[in-house]
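The residues making up each chain are set out below.
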Amino acid sequence: MKHYFTILSHELRMLLVSASTYITAVLFLALMGYLFVILIEMYTKSAQDTPPAAVYFQLFWLPVWFMVPLLTMRCLSEERRLGTLETLLTAPVTTAEVVLAKFSAAYLLYLALWLSTGGFFLILHRFADDAQFLDSGPLLGGFVFIAVSGLMFVAIGVFASSLSGNQAVAAIISFVLIGLFVFGPWLALNKIAFLNLESMQGTRAALDYLQVFHHLDDFTRGILDTREMLIYLSGTTLALIFSVFSVEAKLLHS
Amino acid sequence: MSETSPAIEVRNLVKTYGRITAVNQVSFSVARGEIIGFLGPNGAGKSTTMRILTGYLPATSGTALVCGLSVASQADAVKRCIGYMPENNPLPEDMRVSEYLFYRGRLKNLARGRLSARLDDVLELCDLKRVRHRIIGTLSKGFRQRVGIAEAVLAEPPVIIMDEPTIGLDPHQIQLVRELIGQLRGRMAVIISSHILPEIELTCDRALIINQGRIVAAGTPAQLRREVIGRSRYELELAGDAAALPALLAAVDPALTVSPGAGPDASGFHHLILSTPREDDLGEALLGALAADGRFRLRSLSRTQPSLEEVFLAATRRSWDTVDNAAGRK
């Protein structure tokens, strides 16, 4: 792992000088700002049971679904398209170092973007001066959820990027994979009739356990369930291992 | 890594892609400090062999050793011995020249302190000082190529592998690159692939001609000429009775054969080509015999060297014939 930090700092630097990073950031912040404004309007019209932070994080899937593919589509497919993957991998570095460093860079950017939306709550607190708007519990829980689930979503994006030399294809693959993970279990439980059979009890339990929105509820309520964290951590590991395999398999067959 | 082992040793290397055999039983070795040219038509297996040597592609069978280290089992150590410039010289578009070289130097385990001094040396060597702060994407092809070469020699590896370093350059730039490669002679073993032959002839100590994944000829350009063409040729311009010539020539060397060139021009001179398997220079003897004989007037006589191009064409044609014959026998 000698070169991990060299590649990581290089990747971060390249992200910071590239225009697409800023376009993604602006789109993301504009979308989240808009959602936040709608949310506040809702709260001013009538009293709600849940704190605004909990509702705000309920909408996490919308930016994640679009932003993660945008952030990660470049990382490996661009290198493959330009051919710089060949120069990179013929330097004394391992494929694992390259994949991990690229993943870390994208993940740090992802976190930074989400953390900057914490500013919305600060502004609200400053001007509304109402403690119920800045309930730190759900806010903190929500950010922890974003940080933990983000690991896996970004890893899925990196994996998708390792599959193709075309950024658009990579983006579409990660869009589909993330969509499947976020909505798949819920759709399966509600739409597939034969899962209601007695014998499918085990499958139902497994799918239920995978429901992302349940995890989010738990986190915002302050329940940090290690089993739920384990899903994301193992998913991240698996996606990254597959990315390494995918890069190396491409070497074998290119 | 022992100092005595050859820089590169390849034995019976085979690489297949599905049913296509890209490299077929290739064996060669490169001494330390030697410059080797890798010649072959497109798709002959040059790039594949180079990629196997860098550890980027695994071989199907056979052994490849770089500085005595096995490419298959000691890939990490081998990567440290090699400076590699891939085909088409891929470079990141949005970095500055010095930034890129610094990053590559860090990846190649150069310490920060040594790296900045080394960076200055390399920029000087490749004449890149003027553009060190330019963005690579805005550089002309000649500069980009030199950035690639600078990158390959940066860590002073004992082996440099360059896949078509002069492709797409103008003659002036080709000359610069050639001089650059010449400066590495003796310090680093260099393998360059090309299908531009005069360039190989001028730069390389030895050439390997590869076709259909097999090495069809190897040696210094002079050896290749002897081995593949096997005949010395003389061109002369002569006026007089051409029919009397063979008898006169037989006195000089019985093996000399005459092939008629262009017929008599306005002033009555024939253009003739003589060829012989003899290797020592017959120029003086020919000149003496022709000048002594009153029937002939000689305007010019020269010994022509077959160009490497002819050698290359002959060698590849010969290998096609072998392949065809082998196929015919089946």
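Rules and cut-offs
- Residues numbered from 1 in each chain as written.
- Chains lettered and ligands numbered in written order.
- Predicted model: local features only at pLDDT ≥ 70, side-chain atom pairs only at ≥ 80, totals over all residues.
- Helix = DSSP H or I, 4+ residues; strand = E, 2+ residues; numbered from the N terminus.
- Buried ≥ 20, exposed ≤ 12 C-beta atoms within 10 Å, placed from the backbone.
- Contact = placed C-beta atoms within 7 Å.
- Rg over C-alpha atoms; globule rule 2.2 N^0.38 Å.
- pLDDT = per-residue confidence, 0-100.
- Axes fitted to C-alpha atoms, helices over the stretch in contact; angles between N-to-C directions.
- Parallel < 35°, antiparallel > 145°, perpendicular 65-115°, else oblique.
- Left-handed = near helix turned anticlockwise from the far one by under 90°.
- Nonpolar A, V, L, I, M, F, W, Y, C, P; charged D, E, K, R; others polar.
- Pairing = 2+ DSSP bridges.
- Core = buried A, V, L, I, M, F, W, Y, C linked by C-beta atoms within 7 Å.
- Domains from an automatic or database assignment.
- Arc of directions from axis to C-beta.

> Explain the overall build of chain B to me, using residue names and the numbers behind them.
Scanning chain B from N- to C-terminus turns up 11 helices and 14 strands. On the principal axes, the C-alpha backbone points of chain B span a range of 80 × 55 × 35 Å. Counting only residues that meet the buried cut, chain B has 40% of its 330 residues in that class. A separation threshold of at least 6 residues defines the contact pool for chain B, and within that pool the share at least 24 residues apart is 70%.

> Describe the overall build of chain A, listing the residues and the values that go with them.
What chain A contains, in helices and strands, is 12 helices and 0 strands. In chain A, the succession of helices and strands from N to C terminus is α-α-α-α-α-α-α-α-α-α-α-α. Relative to its length of 254 residues, chain A is compact, with a C-alpha radius of gyration of 20 Å against a globular reference of 18 Å. Along the first, second and third principal axes, the C-alpha atoms of chain A reach 60 × 55 × 30 Å. Scored against the burial criterion, the 254 residues of chain A give a buried share of 37%. A separation threshold of at least 6 residues defines the contact pool for chain A, and within that pool the share at least 24 residues apart is 80%.

> How would you summarise the confidence of the model for chain B if you had to cite specific residues and measurements?
Regions with low pLDDT carry predicted coordinates that are not meant to be interpreted in detail. All names here are of chain B. Per-residue pLDDT for chain B has a mean of 81; in total, 94% of the residues score no lower than 70. Mean pLDDT values over the elements of chain B span from 64, in helix α11 (residues 308-329), up to 90, in strand β6 (residues 82-85). In the model output, the complex is listed with pTM 0.83 alongside ipTM 0.82.

> How would you explain the packing of helix α8 (residues 136-163) of chain A against helix α11 (residues 212-220) of chain A if you had to name every residue and give the values?
Residue and element names in this part refer to chain A. Across the interface, α8 lies against α11 with an axial gap of 7 Å and an inter-helix angle of 140°. Comparing the axis directions of α8 and α11 gives the class oblique. Between α8 and α11 lies a crossing whose hand is right-handed. Where α8 abuts α11, its residues Pro138, Gly141, Gly142, Val144, Phe145 and Ser149 lie against Val212, His215, Leu216, Phe219 and Thr220. Class assignment for the residues of the contact of α8 with α11 results in 6 nonpolar, 5 polar and no charged.

> Lay out the sheet that holds strand β5 (residues 69-70) of chain B in plain terms, naming residues and giving numbers.
Residue and element names in this part refer to chain B. Read across the open sheet, the 4 strands follow the order β2-β1-β4-β5; overall the sheet is antiparallel. Looking at strand neighbours, the two that pair on one side only are β2 (20-30) and β5, the edges of this open sheet. Relative to the sheet, helix α1 (residues 46-54) contacts β1 (8-17), β2 and β4 (61-66), its axis offset from that of β1 by approximately 115°.

> Account for the nonpolar core, naming residues and giving values.
If you look at the biggest cluster of nonpolar residues, it comprises 137 residues, and the most contacted ones within it are Val158(A), Val66(B) and Val159(B). Per-element tally for this core: the top contributor is α8(A), with 13 residues. In this structure, Leu236(B), Leu238(B), Leu245(B) and Leu256(B) belong to the second largest nonpolar core, which totals 6 residues.

> I'd like a rundown of the pairing of strand β9 (residues 206-211) of chain B, residues and numbers included.
All names here are of chain B. Most of β9 is tucked away, with 5 of its 6 residues classed as buried. As defined by bridge partners, strand β3 (residues 35-39) adjoins β9 across 4 bridges and the pair is classed as parallel. Bridge assignment links Leu39 to a residue of β9, and that residue is Ile209. Examined bridge by bridge, β9 and strand β10 (residues 214-219) share 5 bridges and lie antiparallel to one another. From the neighbouring strand, Asn211 faces β10, where its bridge partner is Arg214. Here β9 hands over to β10 after 2 residues, with Gln212 in that stretch at a positive phi of 55°.

> Can you explain the domain arrangement of chain B? Please cite residues and give values.
When the domains of chain B are assigned, the result is domain 1 (8-219) and domain 2 (231-304). When each unit is reduced to the centre of its C-alpha atoms, the spacing between domain 1 of chain B and domain 2 of chain B is 46 Å.

> I'd like a rundown of the interface of chain B and chain A, residues and numbers included.
Each partner contributes residues to the interface: chain B has 21 residues there, and chain A has 17 residues. Contributions of two or more residues to the side of chain B that touches chain A are made by α2 (75-81) and α3 (97-107) of chain B. Considering only residue class, the side of chain B that touches chain A consists of 10 nonpolar, 4 polar and 7 charged.

> Tell me about the environment of Leu230(A), and please be specific about residues and values.
Here Leu230(A) lies in helix α12 (residues 226-253). The spatial distance from the C-alpha of Leu230(A) to the C-alpha of Val148(A) is 9.6 Å, given a sequence separation of 82 residues.

> Account for unusual backbone geometry, with residues named and values stated.
All names here are of chain B. With phi around 50°, Asn12 is a residue other than glycine that occupies positive phi space. Along the chain, the position of Asn12 falls in strand β1. A tally of 13 C-beta atoms within 10 Å means that Asn12 is categorised as partly exposed.

> Could you give an account of α11(A), with specific residues and numbers?
Residue and element names in this part refer to chain A. Restricting attention to buried positions, one finds in α11 the residues Val212, His215, Leu216, Phe219 and Thr220. Buried residues of α11 fall within an arc of 125° about the axis and therefore sit on the same side. Looking one or two residues beyond α11, the residue adopting positive phi is Gly222, at roughly 95°.

> Please provide a residue-by-residue account of the environment of Leu123(B), values included.
Residue and element names in this part refer to chain B. Structurally, Leu123 is set in helix α4 (residues 112-125). Since 20 C-beta atoms lie within 10 Å of it, Leu123 is described here as buried. Separated by 146 residues in the primary sequence, Leu123 and Phe269 have C-alpha atoms spaced 56 Å apart. Excluding residues within four positions of it along the chain, Leu123 makes contact with Leu128, Lys129, Arg132 and Ala150.

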